[in-house]
Amino acid sequence: FAFFRRARTQCSDLFAAAAARGHRRIALLGQGDLAEIATLVAREGSVDIAGIVPWEKSADRLKGDVAKLGSVDAILVTELSRWGRSTQDLVQTLDDLHGWKVSVLAQTGLSYDLGTASGKLMRTIMAGLADFERDLIRERVKSGLQAAKARGVVLGRKEGQRPSDKKAKKVLDLHRDGLSYRLIG
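To start, this report covers the structure provided alongside it. (Residues numbered from 1 in each chain as written. Predicted model: local features only at pLDDT ≥ 70, side-chain atom pairs only at ≥ 80, totals over all residues. Heavy atoms only, no water.)

**Regarding the nonpolar core**
Here is step 1: Leu 29, Leu 62, Ile 75, Leu 94 and Leu 97 are the most contacted members of the largest nonpolar core, which has 19 residues in total.
Here is step 2: The set of elements that each furnish at least two residues to this core consists of strand S1 (25-29), strand S2 (48-53), helix H3 (59-68), strand S3 (74-77), helix H4 (87-99) and helix H5 (117-150).
Here is step 3: At four residues, H4 tops the list of elements feeding residues into this core.
Here is step 4: Ranked by size, the runner-up nonpolar core spans 18 residues in total, among them Ala 7, Phe 15, Val 41 and Ala 42. (Core = buried A, V, L, I, M, F, W, Y, C linked by side-chain atoms within 4.5 Å. Buried < 20%, exposed > 50% of the residue type's maximum accessible area, 1.4 Å probe, protein only. Helix = DSSP H or I, 4+ residues; strand = E, 2+ residues; numbered from the N terminus.)

In structure tokens form, the structure reads like this:
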């Protein structure tokens, strides 16, 4: 319950600050517990959740999703580390949002104006930290896989457990009977 109370307080404070800046329609970027808590808190406050935009890899997809929601004043990012493929991609996406006159708010309460020098600095720092966090996750996964291999753990599915193993004989028989793989699929 401590997580819920802390997240609820963060959202309440964030939405109050957003409303004070004139942000009434907010889109949530990312799904999960934090997005659900933000949606519940928004019902009590003076902001309207325009919708939830799923994590995507491209700024073009984000632009399309935001456009479908109509006029949006700000985007609340629930988890910065999942945003963008790289530092360059994240910086480009943030610049696009600035061009669309959409502010960026972070679940942690961080918000900034990308039109100012300090906002641009924060954009770069945020992108660098998100990239750093992704690299740490990647390193931990690789380290875990290497440790498992060193212990003799066989990775991957066992023979006969792949879906293709169960259907291979039937598919080959149908193909021998003259059906194309496309029709079989």
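**Quick notes on the environment of Gly 22**
Here is step 1: With respect to the element layout, Gly 22 can be found in the loop between helix H1 (2-20) and S1.
Here is step 2: The exposure class of Gly 22 is partly exposed, given its relative accessible area of 41%.
Here is step 3: Residues Gly 22 and Asp 73, 51 residues apart in the sequence, show an inter-C-alpha distance of 8.1 Å.

**A few points about the packing of H4 against H5**
Here is step 1: In the contact formed by H4 and H5, the axes pass within 9 Å of each other and the chain directions differ by 140°. The hand of the H4/H5 crossing is right-handed. Across the interface between the two elements, Thr 87, Leu 90, Val 91, Leu 94 and Asp 95 from H4 touch Arg 123, Met 126, Ala 127, Gly 128, Ala 130, Asp 131 and Arg 134 from H5.
Here is step 2: Along the lines of polarity and charge, the residues of the contact of H4 with H5 split into six nonpolar, two polar and four charged. (Axes fitted to C-alpha atoms, helices over the stretch in contact; angles between N-to-C directions. Left-handed = near helix turned anticlockwise from the far one by under 90°. Contact = heavy atoms within 4.5 Å. Nonpolar A, V, L, I, M, F, W, Y, C, P; charged D, E, K, R; others polar.)

**Examining the pattern of salt bridges**
Side-chain pairs of opposite charge can arise where the charged atoms are in close proximity.
Here is step 1: This structure, assessed with the given rule, holds five salt bridges.
Here is step 2: We note a salt bridge from Glu 44 to Arg 8, for which the minimum N-O separation is 2.6 Å. In this pair, Glu 44 sits in helix H2 (residues 33-44) while Arg 8 sits in helix H1, placing the two residues 36 residues apart along the sequence.
Here is step 3: In this structure, Asp 173 engages Arg 176 in a salt bridge whose closest nitrogen and oxygen atoms are separated by 2.7 Å. Residue Asp 173 and its partner Arg 176 are both found in helix H6 (residues 163-176); the two are separated by three residues, about one turn of the helix.
Here is step 4: On the accessibility criterion, Arg 176 (63% relative accessible area) is exposed. (Salt bridge = Lys/Arg side-chain N within 4 Å of Asp/Glu carboxyl O.)

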